[in-house]
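# Descriptive analysis of the structure
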Amino acid sequence: GTLYLSENCIGGVEPYSYQWEYSDNGEQWELVSSAITPSYQPQSLQNSTYYRLKFISSEGCGVVYSNVESVHVYGKLQAVTISSDSSTYCYNAIPEPLYIENQAVGADGNYINQWQISLNNEDWSDIIGEIGDTYQPTSLVQTTYFRVKTISPLCSDTVFSHPFKITVYSMIHAGEISCDDNFVCYNSTAQLDFISQPVGGGGSYSYRWQIASDSINFIDIQGASSINYETDSLTSQQIYRVIVSSTLGCAQDTTNELTINVRQPFVPGTITGNDTVCYDAIPGQLSL
């Protein structure tokens, strides 16, 4: 606010001249340029500052100084810092609570903290009712950002913490399996492969191949844990699928069911005809 002369000096010879001075420590003083009237409006301040007014008498009758008036400046408002025990989660998981790790400083020490949320780190919304030192997010299905808005009512100032990013893995999808030909010869093998790879769940997977003859009672195939699988020699129709699990613990999903058909066995026919003839005779016709 404006500093002003509430009671003028006395004595000496009028008219008096005036000069405002300022100091950062109340000891070393500097002139305020062009401030030569009985009142002075300071500019915006970042540090506490001392002021005094120098009175100069006409006709060389001396110089005297007013009392010292100090203007206390609150420290700059600085945002909180927030943290959590983890920052990466599976799809639809409930994260660990977020908490204020370091409180705000500056101003007069009276603050309002408001938790905010964003899906793109650009557009932010207040989380209604969340003004405490901790916040428990609900289950998340996509990567989400959180921050704290700190308001100083006295200084009409607002600052924001650094965003805390919670990475959420997308939902796991097992992909699709196939083979070059769904029909194989009797007692032959088939090569089964993924034609679309698994996605989501953190990107790291384990594989469990299963087999069934009726599309209902699937059982694990011992040792079949690679991304592809060559069947045993088949003599009847079999159905295959793969259970794909996230190695990060983010659930599992099952591929399509792939039916491998087996052709009938290829066996020779039976021929008939005369089995005994005379020497040098022509046998009868042989036929199936």
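It should be noted that the structure appears before, not after, this text.
The rules behind these values
Residues numbered from 1 in each chain as written. Predicted model: local features only at pLDDT ≥ 70, side-chain atom pairs only at ≥ 80, totals over all residues. Heavy atoms only, no water. Disulfide = S-S within 2.5 Å. Helix = DSSP H or I, 4+ residues; strand = E, 2+ residues; numbered from the N terminus. Buried < 20%, exposed > 50% of the residue type's maximum accessible area, 1.4 Å probe, protein only. Core = buried A, V, L, I, M, F, W, Y, C linked by side-chain atoms within 4.5 Å. Salt bridge = Lys/Arg side-chain N within 4 Å of Asp/Glu carboxyl O. Pairing = 2+ DSSP bridges. Contact = heavy atoms within 4.5 Å.

## Here's the deal with the state of the cysteines
Scanning all chains against the criterion turns up one disulfide. Two residues share a disulfide in this structure: C90 and C250, whose sulfurs sit 1.9 Å from each other. Handedness of the C90-C250 disulfide follows from its S-S torsion of about -75 degrees: it is left-handed. You can see C90 sitting in the loop between strand 10 (88–89) and strand 11 (98–102) and its partner C250 sitting in the loop between strand 25 (238–246) and strand 26 (252–254), a full 160 residues away along the chain. Since its relative accessible area comes to 19%, C90 is described here as buried. Take C185: it sits in no disulfide, and the sulfur closest to it among the cysteines is that of C179, at 13 Å.

## Topic: the nonpolar core
Ranked by internal contacts, the top residues of the largest apolar core, which has 22 residues, are L192, W209, Y240, V244 and I260. Element by element, the count of residues in this core is highest for strand 22 (residues 205–212), at four residues. In terms of nonpolar packing, the next biggest core, distinct from the first, is built from 15 residues, Y89, L98, I127 and V148 among them.

## Here's the deal with the pattern of salt bridges
Within the structure shown, the criterion is met by four salt bridges. Ionic pairing is found between R52 and E21, a salt bridge with its closest N-O pair at 2.7 Å. Here the residue R52 occupies a position in strand 5 (residues 49–56), and E21 occupies one in strand 2 (residues 17–23), the gap between them amounting to 31 residues. Classification of R52 by relative accessible area gives buried; the value is 17%. Note that D126 is salt-bridged to K149, the shortest N-O span being 3.5 Å. Of this pair, D126 sits in strand 14 (residues 125–126) while K149 sits in strand 16 (residues 144–152); the two residues are 23 residues apart in sequence, bridging distant segments of the chain.

## Some points on the sheet that holds strand 21 (residues 191–196)
Pairing within the open sheet is antiparallel, and its three strands lie in the order 19-21-24. Strand pairing shows two members of the sheet lacking a second neighbour, strand 19 (176–178) and strand 24 (229–230), which therefore form its edges. Inspection of the sheet shows strand 21 paired to strand 24 by two bridges, in the antiparallel sense. Counterpart to L192 in the pairing with strand 24 is Y229.

## Comments concerning unusual backbone geometry
Glycine aside, residues mostly have negative phi, and peptide bonds are mostly found in the trans state. Omega for the peptide link from E14 to P15 comes to 0 degrees, which places this bond in the cis form. As for its position among the elements, P15 is in the loop between strand 1 (3–4) and strand 2. For S34, which is not glycine, the phi dihedral falls at a positive 70 degrees. Its place among the elements puts S34 in the loop between strand 3 (30–31) and strand 4 (39–40). One non-glycine residue, A107, lies in positive phi territory at about 55 degrees. Along the chain, the position of A107 falls in strand 12 (residues 105–107). The buried category is assigned to A107, whose relative accessible area is 10%.

## Details of the environment of S170
One can find S170 in the loop between strand 18 (164–168) and strand 19. C-alpha of S170 to C-alpha of V64: the two residues are 106 residues apart in sequence and 76 Å apart in space. Those residues within four positions of S170 in sequence are excluded, and the remaining contacts are Y91, G200 and G201.

## Quick look at the sheet that holds strand 9 (residues 81–84)
Spatially, three strands are ordered 9-11-15 in an open sheet, and the strand pairing comes out antiparallel. This sheet does not close on itself; its edge strands, each paired only once, are strand 9 and strand 15 (134–135). Note: strand 11 against strand 15, two bridges, orientation antiparallel. Paired with Y99 across the bridge in strand 15 is T134.

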